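Structural description and commentary
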Amino acid sequence: MRKTKAKAKATANVRAKTRPKTKVAAKVAAKRVAKAVTRAIKPVTRAIKKVARRAAPKRTAPKQIAYVATRKGLFAFQRRGLGWSAAAPAFLGEPVSAVLPDPSTGRLYAALRLGHFGTKLHRSDDGGTTWTELAAPAFPKQEEKDGEKKGSSVDMVWTLVPGGADEPEVLWAGTTPGGLFRSADAGKSWQLIESLWNDPARAKWFGGGYDHPGIHSVLVDPRDSKRIRLGVSIGGVWASSDGGATWRQSGNGMRNAYMPPDKAGEPATQDVHRMASPAVNPDVVWLQHHNGIFRSTDGGANFTEITKVAPSVFGFVVAAHPLDPKTAWFVPGVQDVQRIPVGGRLVVTRTQDGGSTFEAIGKGLPRQDCYDLIYRHGLAVDGAGEHLVMGSTTGNLWIGDKGGSRWSLVSGHLPPIAAVAWSG
Amino acid sequence: MPTVHFTSNLTRHVDCPPTQVEGRTVRAALDEVFARVPRLRGYVLDDQGALRQHVNVFVNDETVRDRDRLADAVAPLDEVFVFQALSGGCR
């Protein structure tokens, strides 16, 4: 009996083992096999991945590019190892007056000032490899009056600036003569801001550096794209709160030394050389003036002069730290009648305390016999406030690392440099 | 028909081969070319429609006198030459 029971149990076990498997059981079995195989070939897979990693291009953050607009072409430099490598220049031989890498759209714009054939505007959507010519800003045609020509022609695009983050297709262009133009279609067409052009107060503007007055600084408030401030040489500071529909003279508190004493403080005749504002606090406006350095903390309505800046308060350019409203950089020259570094030694002056104190930084810059001038758009700081690029009218290009604490020469053989800009 | 020729210094910016036109003034002749190559207009004329300061136009071997209206006459067998002036290149 016992034997019979044992036999029956053994038979049942065999039946169970040989019973056709259900679908679920089959899947479980397949998974077990797959796991076993994976375990077995793991070393091989690792080796293959290692080789693939080595072969594939390294994934790193896009490298910063310094764009340099010169009298004979547009140059681009990229950090490579300890040095900088130059890409093939664009528009070689042609004067480039302004360059704008628009970080929000990735587009690159270049304005040409052809000696014979006028102002031209080009756009690249592939970082400067290929370019397309766009319409250039132009003044509307005006009919002759009493046999006298009345209309103007754009001589130069002095500055190109993107609109606010909420208007990626908008561009602003400041020109000589002093026109402000707006494009709503990424440079395909341009409209003169007639409200400013036709403002009777504009009659007080006059040329500074060039025969005609010009708009070289356009500050679009990152908090409100309709708040715009302009720097005019010579015409002071202008402000709009409605996207350019109406304008008001701004910039009280500046003073000049080239007008009769009664007019020294007149806002309309202030020679603003360059104006810059930190993105983090656009109420702060740094201003390099023909006769000194000024700072505003109310969006450019009122300015306070800063006089304790060695070796000089004369200069053309200012760059504002985007994230620190107390930090700004200037590049001094002797004075207006001698536009060269003081004592032949090139320095950058930097404040980190809102203009209370300045330090003159010369590390890596020529210490003697230097005659370089950094013009209005010849200094730019990157989006992090860490790296600066500086180009001179003598054709020298420097990069300033660590917030401009240490400079290194990138090229000493470029054409005269009009403008520099970082890709981001 | 008159023929308009452009300096090679211009053709490197804009494709503008010699073009036969029907216009009987410099303005009319140039306008015909601009209608075919719109981008060319801004290279030859300023914002107000006058000849750019550093562009010279000749009808045969005579420089045009009316640089604003471009009213100089062009005869059927004339050749119009658009050159760049030697001034204006110091940039």
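Scoring rules and cut-offs
- Residues numbered from 1 in each chain as written.
- Chains lettered and ligands numbered in written order.
- Predicted model: local features only at pLDDT ≥ 70, side-chain atom pairs only at ≥ 80, totals over all residues.
- Heavy atoms only, no water.
- Helix = DSSP H or I, 4+ residues; strand = E, 2+ residues; numbered from the N terminus.
- Contact = heavy atoms within 4.5 Å.
- Areas by Shrake-Rupley, 256 points an atom, 1.4 Å probe, with all protein chains shown as cover.
- Buried < 20%, exposed > 50% of the residue type's maximum accessible area, 1.4 Å probe, protein only.
- Arc of directions from axis to C-beta.
- Salt bridge = Lys/Arg side-chain N within 4 Å of Asp/Glu carboxyl O.
- Buried area = accessible area lost by both parts, 1.4 Å probe.
- Polar contact = N/O pair within 3.5 Å; in protein donor to acceptor, adjacent residues only side chain to side chain.
- Nonpolar A, V, L, I, M, F, W, Y, C, P; charged D, E, K, R; others polar.
- Pairing = 2+ DSSP bridges.
- Axes fitted to C-alpha atoms, helices over the stretch in contact; angles between N-to-C directions.
- Phe/Tyr/Trp six-rings, centres within 6.5 Å; stacked < 30°, edge-to-face > 60°.
- pLDDT = per-residue confidence, 0-100.
- Core = buried A, V, L, I, M, F, W, Y, C linked by side-chain atoms within 4.5 Å.

**What about the overall build of chain A?**
Scanning chain A from N- to C-terminus turns up 3 helices and 28 strands. Expressed as a percentage of contacts within chain A between residues at least 6 apart in sequence, the contacts between residues at least 24 apart total 47%. Counting every atom, chain A has about 20800 Å² of accessible surface; 54% of that belongs to carbon and sulfur.

**Points about helix α2 (residues 26-36) of chain B**
The α-helix winds at 3.6 residues per turn, so residues separated by three or four positions along the chain end up facing the same way. All names here are of chain B. Those residues of α2 lying buried are Val26, Arg27, Ala29, Leu30, Val33 and Phe34. Taken around the axis of α2, the buried residues stretch over an arc of 165 degrees, which confines them to a single face. Of the residues in α2, the exposed ones pointing more than 90 degrees away from the buried face are Ala35 and Arg36. The secondary structure elements touched by the buried residues of α2 are β1 (3-6), β2 (19-20), α3 (41-44), β3 (55-59) and β5 (79-84).

**Observations concerning the pattern of salt bridges**
Residue and element names in this part refer to chain A. Counted according to the given criterion, the structure contains 15 salt bridges over all chains. One salt bridge in this structure joins Asp221 and Arg223, with 2.8 Å as the shortest N-O distance. A salt bridge links Asp221 to Arg227; its shortest N-O distance comes to 2.4 Å. A relative accessible area of 0% means that Asp221 is categorised as buried. Counted as one network, the salt bridges with shared partners bring together Asp221, Arg223, Arg227 and Asp283.

**Some points on the interface of chain A and chain B**
Taken residue by residue, the interface counts 24 residues in chain A and 24 residues in chain B. Carbon and sulfur atoms make up 45% of the area that chain A and chain B hide from each other, which totals about 2000 Å². Scanning the region where chain A abuts chain B turns up 2 salt bridges. Among the ionic pairs, Arg12(B) bridges to Glu94(A), the shortest N-O distance being 2.6 Å. One can count 12 residue pairs in polar contact (both at pLDDT 80 or more) joining chain A with chain B. Elements with a minimum of two residues in the side of chain A that touches chain B: β5 (107-114) and β6 (118-124) of chain A. Of the residues contributing to the side of chain A that touches chain B, the split by class is 7 nonpolar, 8 polar and 9 charged.

**Looking at the sheet that holds strand β4 (residues 62-63) of chain B**
All names here are of chain B. One open sheet accounts for 5 strands, arranged β2-β1-β5-β3-β4; its pairing is mixed. Across the chains shown, the open sheet's two edge strands, defined by having one partner strand only, are β2 and β4. Seen against the sheet, α2 touches β1, β2, β3 and β5 and runs at an angle of roughly 70 degrees to β1.

**Details of the sheet that holds strand β8 (residues 156-162) of chain A**
Residues and elements named next belong to chain A. The sheet built from 4 strands is open, its strands ordered β8-β9-β10-β11 with antiparallel pairing. Looking along the sheet, the strands with just one partner apiece sit at the ends: β8 and β11 (191-192). The pairing of strand β9 (residues 171-176) with strand β10 (residues 180-183) spans 4 bridges and is classified as antiparallel. Directly across from Ala173, in β10, lies its bridge partner Phe181.

**Structural notes on the packing of aromatic side chains**
By the definition in use, this model includes 14 aromatic pairs over all chains. Measuring from centroid to centroid gives 5.9 Å for Phe81(B) and Phe83(B), while their planes differ by 15 degrees, and the two rings are stacked. Looking at Phe81(B), the relative accessible area reads 21%, which means it is partly exposed. Ring-pair connections join several aromatic residues into one group, and the members of that group are Phe139(A), Phe181(A) and Trp197(A).

**Description of unusual backbone geometry**
In this structure, the amide linkage connecting Ser233(A) to the following residue, Ile234(A), adopts the cis form with an omega of 5 degrees. In this fold, Ile234(A) is placed in the loop between β13 (228-233) and β14 (236-240). The peptide bond linking Ala310(A) to Pro311(A) adopts the cis configuration, its omega dihedral lying at 10 degrees. With respect to the secondary-structure elements, Pro311(A) resides in the loop between β19 (304-306) and β20 (314-320). A positive phi angle, close to 55 degrees, is found at Ala186(A), a residue other than glycine. Inspection of the secondary structure puts Ala186(A) in the loop between β10 and β11. Looking at Ala186(A), the relative accessible area reads 1%, which means it is buried. Residues other than glycine seldom take positive phi values, yet Asn60(B) does so here, at roughly 55 degrees. With respect to the secondary-structure elements, Asn60(B) resides in the loop between β3 and β4. Classification of Asn60(B) by relative accessible area gives partly exposed; the value is 33%.

**Here's the deal with the confidence of the model for chain B**
Across chain B, pLDDT averages 94, with 97% of residues at or above 70. Mean pLDDT across the secondary structure elements of chain B bottoms out at helix α1 (residues 8-11) of chain B, with 92, and peaks at α2(B), with 98.

**Observations concerning the nonpolar core**
Counting residues in hydrophobic clusters, the biggest one holds 41 residues, and the most contacted among them are Val4(B), Leu10(B), Leu40(B), Val44(B) and Val82(B). Per-element accounting of this core gives the leading share, 5 residues, to α2(B). With sequence-adjacent residues up to four places away left out, Leu10(B) is seen in contact with Phe117(A), Cys16(B), Leu40(B), Tyr43(B), Val44(B) and Val82(B).

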